[in-house]
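Chain residues, written in single-letter form:
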Amino acid sequence: MTLRRRGTALLLAAAATTVLGTTACAPQPLIPHDRCKTTSADTDPSTGGQMRASGPITAPTKAGTTTFTSGFGPRWGTEHKGVDFAGAIGTPIYAALDGLVVRSGTATGFGHWIVIDSLVGDTPVSTVYGHMFTDGLIAREGQQVKAGDHIANIGNDGESTGAHLHFEYWEGGRFQGGTAVDPMTKLGGAATTTDTAAGFDNIELAAATSPIDCAGFGTVGGGELAAGSVPPEFDPWIRKAGSICPGIRPPILSSQLYAENQFRHGANAPVSPSGALGPAQFMPGTWSTWGKDYDGDGKVDPNSIGDAVMAQGHFMCALNDQVNAALAAGTVTGHPVELSLAAYNAGFGAVQSHRGIPPYAETQNYVAKIVLGQAKYTSLSSTGRLVPNGSKDGGQVVAAARQYLGTPYVWGGGSTGGPSGGGFDCSGLTSYAIFTGSGGKVTLPRTSEQQWTVGIEIPIEQAQPGDLVFGSWAASGPGHVGVALGGGRMLHAPTTGDVVKEAPLMSGMKARRVM
């Protein structure tokens, strides 16, 4: 927050009262129960929300409307983390447990999904429902549901071989590094939506209401922050600030905080030449509007982590509201988050005046750096199907790339965070696949020529699934790169007008092992 900001506080003062509301081609351990704290302090950022333990589990589809078609475990060379129930498009899907809808929208592999966080006794549990179409999503993020509530309709979206519900059960939380459990072991005695739920003891009942803190469990958006990606003292506040509104999530706030002041805070934190203060670099005039004693220490301090991060979240949500209104009115064009970041840096008036991101080098660089940087703060499991096991695994690299089969080739598209501009180019796809398949441990350079410099060259006939294969050689290096599948085949983003697909290796290709 460093450029042309003096008028921003005046422009957004009224909003403050309403908001509170790039370029070429092994199972995880269960989250310990002691992370689910019992506390009622409003100023404690670890309080993710009040959740009452769920009643008995119920089947996610009504008896006789679906057929069990695929079980839990190894399938097609990868791990099937759930079970499938085939049924006609439009068949109702029901919540299996009482809980909070933390995700309802698009997801890699699933097309669209719903994730519900619940307490089963004192154990955090997420249930996942996938492959719905957009119009098949009924439950919305932030909605409290009861077991048996109609939350969605069966679809055939995403990486799907026919209309069905894909259903998962995660002990420890889907976004918190929990353990996928065979849902059929939980549904064995489950009531259907037409049965009486009483009398089943496979789900422990509890009358107590418990605020929980399991790395964002039970908080809309809170689970999207990658564990360990930010300083621990910032983590709970960023998760809380990232749940204020649906348009501004923890990864973007984290990348923004790093860009602003590299998470530096406290009385000795650097002050910008323009006088911006604290970890979120608030100008004094803007702080007078948005600053509040969020951490409950009796002071309104821009150098306080809690005060600054929560003010950042509310301010960004106000800007996001204004941007969305302007987009709806047709007075600006662009991506809502990018425009909100531009407004944070240059002021919403500048965004309006230029009908988009202002042509200021500082603002354009600011937006680009934050958007590109958010990948390192994003929980890999929060975007869809693949949940890496934390190891550098070639099979996971292939699984990551397979999620985008059929995605259009877009020159300059894609990064470690997934597709951009509607697709991938060749090196954008490999950047994503290696980053995801390595559990976020390996970040490749952006172009195929640069990626050739990583790792060690191996004979092409020794290429294993997850290695990289390079072709279209020129004096500057390889002009093309793909993911080896073994057996003389690869998965790649070929060229303009084509899509991500499997294909035979090209003549003259060479291989490198980068993990």
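Every value quoted in this text rests on a predicted model; they were computed, and no experiment measured them.

Rules of the game
- Residues numbered from 1 in each chain as written.
- Predicted model: local features only at pLDDT ≥ 70, side-chain atom pairs only at ≥ 80, totals over all residues.
- Heavy atoms only, no water.
- Helix = DSSP H or I, 4+ residues; strand = E, 2+ residues; numbered from the N terminus.
- Buried < 20%, exposed > 50% of the residue type's maximum accessible area, 1.4 Å probe, protein only.
- Areas by Shrake-Rupley, 256 points an atom, 1.4 Å probe, with all protein chains shown as cover.
- Disulfide = S-S within 2.5 Å.
- Expected span 1.5 Å × (residues − 1).
- Pairing = 2+ DSSP bridges.
- Axes fitted to C-alpha atoms, helices over the stretch in contact; angles between N-to-C directions.
- Contact = heavy atoms within 4.5 Å.
- 1 Å grid on protein atoms, 1.4 Å probe; cavity = no way out; pocket = protein on both sides within 12 Å on 5 of 7 lines; lining within 4 Å.
- Points joined across faces, edges and corners; volume = space filled by probe spheres on them.
- Nonpolar A, V, L, I, M, F, W, Y, C, P; charged D, E, K, R; others polar.
- Polar contact = N/O pair within 3.5 Å; in protein donor to acceptor, adjacent residues only side chain to side chain.
- Salt bridge = Lys/Arg side-chain N within 4 Å of Asp/Glu carboxyl O.
- pLDDT = per-residue confidence, 0-100.
- Core = buried A, V, L, I, M, F, W, Y, C linked by side-chain atoms within 4.5 Å.
- Phe/Tyr/Trp six-rings, centres within 6.5 Å; stacked < 30°, edge-to-face > 60°.
- Lys NZ or Arg CZ within 6 Å of the ring centre and 35° of its normal.

(A) Structural view of the overall build of the chain. For the chain, the count of helices and strands is 13 helices and 20 strands. Counting over 515 residues, the chain shows a buried share of 54%. Put simply, the chain shows about 20300 Å² of open surface, and 54% of that area lies on carbon and sulfur atoms.

(B) Seen up close, the state of the cysteines. The final tally for this structure, using the stated rule, is one disulfide. Two residues share a disulfide in this structure: Cys245 and Cys317, whose sulfurs sit 2.0 Å from each other. Residues Cys245 and Cys317 are joined through a disulfide that is left-handed, its torsion about the S-S bond being -85°. One end of the pair, Cys245, is in the loop between α4 (235-241) and α5 (250-261); the other, Cys317, is in helix α7 (residues 305-329), with 72 residues separating them in the sequence.

(C) Region of interest: helix α12 (residues 426-437). Helix length check: α12, at twelve residues, gives a terminal C-alpha distance of 16 Å against a target of 16 Å (1.5 Å per residue), a fit within 8%. Buried within α12 we find Cys426, Ser427, Gly428, Leu429, Thr430, Ser431, Tyr432, Ala433, Ile434, Phe435, Thr436 and Gly437. In the segment just after α12, Gly439 is the residue with positive phi, at about 65°.

(D) Local environment of the sheet that holds strand β15 (residues 456-458). Strand order across the open sheet formed by six strands is β15-β20-β16-β17-β18-β19, with antiparallel pairing between neighbours. The sheet terminates laterally at β15 and β19 (501-504), the two strands that pair on one side only. Sheet twist, expressed as the mean angle between neighbouring strand axes with direction ignored, is 45°. Inspection of the sheet shows β15 paired to strand β20 (residues 510-513) by three bridges, in the antiparallel sense. In the sheet register, Ile458 faces β20, and the bridge partner there is Ala511. Sitting on the sheet, helix α11 (residues 394-402) is in contact with β17 (477-486), β18 (489-492) and β19, with an inclination near 105° to β17. Against the sheet, α12 touches β16 (468-474), β17 and β18, its axis set at about 45° to β17.

(E) Structural context of empty space enclosed by the protein. Space inside the largest cavity adds up to approximately 40 Å³. Surrounding the largest cavity, Val102, Arg103, Asp117, Phe175, Gln176, Gly216, Phe217, Thr219, Gly221, Gly222, Gly223 and Glu224 form its lining. Residues that form the lining of the largest cavity fall into these classes: three nonpolar, six polar and three charged.

(F) Fine view of the side chain of Ser431. With respect to the helices, strands and loops of the structure, Ser431 is situated in helix α12. Of the polar contacts made by the side chain of Ser431, one reaches the backbone oxygen of Ser427; its length is 2.8 Å. Beyond its immediate sequence surroundings of up to four residues, Ser431 is in contact with Ser415, Thr416, Leu444, Pro445, Arg446 and Gln451.

(G) Inspection of the pattern of salt bridges at higher detail. All told, the structure shown has twelve salt bridges when counted by the stated rule. Ionic pairing is found between Glu141 and Arg249, a salt bridge with its closest N-O pair at 2.6 Å. Note that Glu141 is positioned in the loop between β9 (123-130) and β10 (144-145) and Arg249 in the loop between α4 and α5, a separation of 108 residues in sequence. Judged by its relative accessible area of 26%, Glu141 falls in the partly exposed class. The residue Asp498 makes a salt bridge to Lys501 at a minimum N-O spacing of 3.0 Å.

(H) Representation of the confidence of the model for the chain. Considering every residue of the chain, the mean pLDDT works out to 83; 82% of them sit at 70 or more. Taken together, the stretch residues 2-42 has pLDDT below 50 and engages in 104 contacts with residues farther than four places along the chain or on a different chain. Note that residues 194-213 has pLDDT below 50 and, in this model, 53 contacts with residues that lie over four places away or in other chains.

(I) Summary view of the pairing of β18. As defined by bridge partners, β17 adjoins β18 across three bridges and the pair is classed as antiparallel. Bridge pairing links Ala484 to Met490 in β18. With antiparallel pairing between neighbouring strands as the criterion, β17 and β18 make up a hairpin whose turn holds two residues, including Gly487 at a positive phi of roughly 65°. Here β18 runs beside β19; their pairing, made up of four bridges, is antiparallel. In the sheet register, His492 faces β19, and the bridge partner there is Lys501.

(J) Looking closely at the nonpolar core. Core analysis: the biggest nonpolar cluster contains 43 residues, and Phe234, Ile238, Phe282, Val309, Leu341 and Tyr344 have the highest contact counts within it. A total of twelve residues in this core trace back to one element, the largest contributor, which is α7. Contacts of Leu341, omitting those with residues within four sequence positions, involve Ile252, Gln256, Met316, Tyr366, Val367, Ile370 and Val371. By size, the runner-up hydrophobic cluster in this structure holds 25 residues, among which are Ile114, Ile116, Val120 and Leu137.

(K) The packing of aromatic side chains, seen in detail. Enumeration over the complete set of coordinates arrives at 17 aromatic pairs. Their ring planes at 50° and their centres at 5.3 Å tell us that Tyr129 and Phe167 sit as a pair that is tilted. One end of the pair, Tyr129, is in strand β9; the other, Phe167, is in strand β12 (residues 164-171), and 38 residues separate them in sequence. Accessibility assignment for this pair places Tyr129 and Phe167 in one class, buried. Taken together through their ring pairs, the aromatic side chains of Phe282, Trp287, Trp290, Phe315 and Tyr344 make up a single cluster. For Lys510, the ring lying beneath its charged end belongs to Trp473, and the centroid distance is 4.7 Å. Directly above the aromatic system of Trp452 lies the positively charged group of Arg512, at a separation of 4.6 Å from the ring centroid.

(L) Region of interest: the pairing of β16. Bridge count for β16 against β17 is six bridges, and the pairing is antiparallel. For Gly471, the partnering residue across the bridge sits in β17 and is His480. Counting the residues between successive antiparallel strands, the hairpin from β16 to β17 contains two residues. Bridge count between β16 and β20: three bridges; the pairing is antiparallel. If you follow Val469 over to β20, its bridge partner there is Ala511.

(M) View of the environment of Thr106. For Thr106, the position within the fold is in strand β7 (residues 99-107). Taking C-alpha positions, Thr106 is 9.2 Å from Gly158, a pair spaced 52 residues apart along the chain.

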